[in-house]
Amino acid sequence: MKLVAVSAGLSTPSSTRLLADRLAGSVRDELAVRGRAVSAEVVELRELAVDVANHLLTGFPAPRLAAAIDAVTGADGLIVVTPVFTASYSGLFKSFFDVIAPDALAGRPVLIAATGGTARHSLVLEHAVRPLFAYLRATVVPTAVYAASADWGSGGDQYADGLPARIRRAGGELAALLADRPERAEPEDDVTALERQLADLRFD
């Protein structure tokens, strides 16, 4: 099973990347409890910014961008994390998903998340990010995770869960969807495929 996290953070180190890593870890832990193994990969959009812009202009992806697109569209599940810019997702985040075929993520389980300086931007997940993936016909888990600067190291209070609890809950929801997906069949090598074709031939 393959899990891909897309991080649109621009700085190094990045709280956006940190949140992506924490969410991926939560999904791996939940799947391990269910007896399912998963490989995780992170796609850093900051490394693909020029390639994304060129693809929008030319219609042809550079090899590194093509590999990232293949990773995202070939994943069993996705985690997508964007920083908040001007009360919405970042332009780089949107541009990357603009170069993916509109039906490529149909039915794909997706966990959405965002980071920002203040909790006042938390609704960006519901008014911007969730509608984007609804348009792409992905299956978005109920819990979206927003991390403001003050959330790091916070355990929450009696009125609201802290960031670690939200990460665990969202990771559990994505893991539940992934656990219901059939396991990937091992791809046949060329020799095995040829043997199968010969065995299917009839000479009578």
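Everything in this summary refers to the structure shown in the same document. Computed from a prediction, not measured in an experiment: that's the story for all the values here. The residue count restarts for each chain, going from 1 along the sequence in the order it is written. Predicted model: local features are reported for residues with pLDDT of at least 70 only, side-chain atom pairs are reported and counted for 80 or more only, and whole-chain, interface and lining totals are derived from all residues. With hydrogens and water set aside, each side-chain value is computed from the structure's full complement of heavy atoms.

### Section: the overall build of the chain
Threshold: Only DSSP runs of H or I with at least four residues qualify as helices, and only runs of E with at least two residues qualify as strands; both kinds are numbered from the N terminus onward. Whether a residue is buried, partly exposed or exposed follows from its accessible area with a 1.4 Å probe, protein chains only, as a fraction of its type maximum: under 20%, in between, or over 50%, in that order. By definition, residues are in contact when any of their heavy atoms lie within 4.5 Å. Values of accessible area rely on a 1.4 Å probe in the Shrake-Rupley scheme; residue burial ignores everything except the protein chains shown.
In terms of helices and strands, the chain carries 7 helices and 7 strands. In sequence order, the chain lays out its α and β elements as β-α-β-α-α-β-β-α-β-α-β-β-α-α. Classification of the 204 residues of the chain by burial places 44% in the buried group. In the chain, the share of contacts with a sequence separation of at least 24, taken over all contacts with a separation of at least 6, comes to 79%. Of the accessible surface of the chain, which amounts to about 10800 Å², a share of 54% is contributed by carbon and sulfur atoms.

### Details of the environment of Leu-105
Mapped onto the elements, Leu-105 comes out in the loop between helix 4 (91-98) and strand 5 (109-116). Between the C-alpha atom of Leu-105 and that of Thr-73, which follows or precedes it by 32 residues, the distance is 6.3 Å. In this structure Leu-105 touches Val-72, Thr-73, Leu-78, Phe-97, Phe-133, Leu-136, Arg-137 and Ala-138, once residues within four positions along its chain are discounted.

### Looking at the packing of helix 2 (residues 49-58) against helix 4
Heads up, the rule is: Geometry is summarised by axes, namely lines fitted to C-alpha atoms with helices restricted to the contacting stretch, and by angles between N-to-C directions that run from 0 to 180 degrees. Put simply, angles under 35 degrees are roughly parallel, angles over 145 are roughly antiparallel, angles from 65 to 115 are roughly perpendicular, and the rest are oblique. Left-handed describes a crossing whose near helix is turned anticlockwise from the far helix by less than a right angle; the clockwise case is right-handed.
The geometry of helix 2 relative to helix 4 is characterised by a closest axis approach of 10 Å and an angle of 50° between their N-to-C directions. In this view, helix 2 runs oblique relative to helix 4, as classed from their interaxial angle. Relative to helix 4, helix 2 is oriented so that their crossing is left-handed. Of helix 4, the residues touching helix 2 (which contributes Ala-49, Val-52 and Leu-56) are Leu-92, Ser-95, Phe-96 and Asp-98.

### Here we look at the pairing of strand 5
The condition that has to hold: Paired strands are those between which DSSP finds at least two bridges.
The buried fraction of strand 5 is high, at 8 of 8 residues. Burial along strand 5 is two-sided: the face carrying Pro-109, Leu-111, Ala-113 and Thr-115 and the face carrying Val-110, Ile-112, Ala-114 and Gly-116 are both buried. Taken together, the 6 bridges between strand 3 (residues 77-85) and strand 5 define a ladder with parallel strand orientation. In the sheet register, Leu-78 faces strand 5, and the bridge partner there is Val-110.

### What to know about the pairing of strand 3
With respect to burial, strand 3 is a largely interior element, 8 of its 9 residues being buried. Note: strand 1 (residues 2-7) against strand 3, 5 bridges, orientation parallel. Each bridged residue has a counterpart across the sheet, and for Val-6 the counterpart in strand 3 is Val-80. Relative to strand 4 (residues 88-89), strand 3 runs antiparallel, the two being bridged by 2 bridges. Looking at the pairing, Phe-85 lines up with Ser-88 of strand 4. Between strand 3 and strand 4, which pair antiparallel in sequence order, lie 2 residues; one of them, Thr-86, sits at a positive phi of approximately 50°.

### Remarks on helix 6 (residues 163-179)
Rule in force here: Helix span, as expected, comes to 1.5 Å for every residue beyond the first.
Between its terminal C-alpha atoms helix 6 stretches 24 Å, which fits the 24 Å expected from 17 residues at 1.5 Å a residue. The complete set of buried residues in helix 6 reads Leu-163, Arg-166, Ile-167, Ala-170, Gly-171, Gly-172, Glu-173, Leu-174, Ala-175 and Leu-178. Elements in contact with the buried residues of helix 6: strand 1, helix 1 (15-33), strand 3, strand 5 and strand 7 (145-148).

### Details of the packing of aromatic side chains
Our working definition: Stacked, edge-to-face and tilted labels apply to pairs of Phe, Tyr and Trp rings (six-membered ring for Trp) whose centres lie within 6.5 Å, assigned for plane angles under 30 degrees, over 60, and everything in between, in that order.
What the rule picks out here adds up to 5 aromatic pairs. Taking 5.0 Å as the distance between ring centres and 80° as the angle between the ring planes, the aromatic pair formed by Phe-97 and Phe-133 counts as edge-to-face. Here the residue Phe-97 occupies a position in helix 4, and Phe-133 occupies one in helix 5 (residues 124-135), the gap between them amounting to 36 residues. The two residues Phe-97 and Phe-133 agree in class, both being buried. Following the ring pairs from residue to residue traces out a cluster consisting of Tyr-89, Phe-93, Phe-96, Phe-97 and Phe-133.

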